[in-house]
Amino acid sequence: MKASRWGAAAFAACALGTWAQAPAGDAARGKSLYMKNMCYTCHGSAGQGTRYGLRLAPSPLPLVAFGQQVRHPRADMPRYPAEFVSDADLADMIAYLASIKPGPKASDIPLLKEMP
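Summarised in this report is the structure supplied together with it. Just so it is clear, the model here is predicted, and its values are computed rather than measured. Counting restarts for each chain: residues are numbered from 1 in the order of the written sequence. For this predicted model, a pLDDT threshold of at least 70 governs which residues receive local features, and a threshold of 80 or more governs which side-chain atom pairs are given and counted, while totals over whole chains, interfaces and linings are taken from all residues. Heavy atoms throughout the structure, all of them, feed into the side-chain values; hydrogens and water do not.

### Observations regarding the overall build of the protein
Logical step 1: The helix and strand tally for the protein stands at five helices and zero strands.
Logical step 2: Along the protein, helices and strands appear, N-terminal first, in the series α-α-α-α-α.
Logical step 3: Note on exposure labels: buried denotes an accessible area under 20% of the residue type's maximum, exposed denotes more than 50%, and partly exposed covers the range between, all computed with a 1.4 Å probe on protein chains only. The buried share of the protein, taken over its 116 residues, is 28%.
Logical step 4: Here, two residues are considered to be in contact whenever any of their heavy atoms come within 4.5 Å of each other. Counting only contacts in the protein whose residues sit at least 6 apart along the sequence, the fraction spanning at least 24 positions is 62%.
Logical step 5: Accessible areas in this description were obtained via Shrake-Rupley with a 1.4 Å probe; residue shielding takes into account the shown protein chains only. A total of about 8200 Å² of accessible surface is found on the protein, and carbon and sulfur atoms cover 63% of it. Strands are runs of DSSP state E lasting at least two residues, helices are runs of H or I lasting at least four, and both sets are numbered from the N terminus onward.

Right, here's the structure in full:
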């Protein structure tokens, strides 16, 4: 059991080293990549989530976790290796998702009977 913990720790350390060098993202480019790679088909065009994919915005996963899920997905999500979606692309997509403003609280939405 100890060996598997050390293996996981070594993997995490390597992954952190790789992701620590990731550039700051460009939200406009990230939106283009998000659409091009068809992320919207499962996660919604504004990252709001659907019955097929989790909500990603307005608070996306940190870069390390996002990259881990994209490179080694759980469940039915397709895998996107670095040859097709670079680390810079991931940083740009996170910048896009982080740029999406949250919607209003349900309590702030006027009731239908109050609408003209």
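### Comments concerning the side chain of Asn37
Logical step 1: Here Asn37 lies in the loop between α2 (27-36) and α3 (40-43).
Logical step 2: Residue class for Asn37 comes out buried when judged on its relative accessible area of 14%.
Logical step 3: Residues in contact with Asn37, not counting those within four places in the same chain, are Tyr80, Val85 and Met93.

### Quick notes on the packing of α2 against helix α5 (residues 87-99)
Logical step 1: For the pair α2 and α5, the least separation of the axes is 7 Å and the interaxial angle reads 105°. Between α2 and α5, the crossing angle belongs to the class labelled roughly perpendicular. Contact with α2, carried on its side by Ala27, Arg29, Gly30, Lys31, Leu33, Tyr34 and Met35, involves Ala88, Asp89, Asp92, Met93, Ala95, Tyr96, Leu97 and Ser99 of α5 and no other residues of that element.
Logical step 2: Tallied by class, the residues present in the contact of α2 with α5 amount to nine nonpolar, two polar and four charged. Inter-axis angles, ranging from 0 to 180 degrees, are taken between N-to-C directions of lines fitted to C-alpha atoms, where helices are fitted over the stretch in contact. The scheme is simple: roughly parallel for angles under 35 degrees, roughly antiparallel for over 145, roughly perpendicular for 65 to 115, oblique for anything else. Gly counts as polar in this scheme, as do all residues outside two lists: the nonpolar Ala, Val, Leu, Ile, Met, Phe, Trp, Tyr, Cys and Pro, and the charged Asp, Glu, Lys and Arg.

### What about unusual backbone geometry?
Logical step 1: Of note, the amide linkage connecting Ala57 to Pro58 takes the cis form, showing an omega dihedral of 10°.
Logical step 2: Within the secondary structure, Pro58 is located in the loop between α3 and α4 (63-71).
Logical step 3: With a phi close to 65°, Met38 is a non-glycine residue in the positive phi region.
Logical step 4: Mapped onto the elements of the fold, Met38 is located in the loop between α2 and α3.

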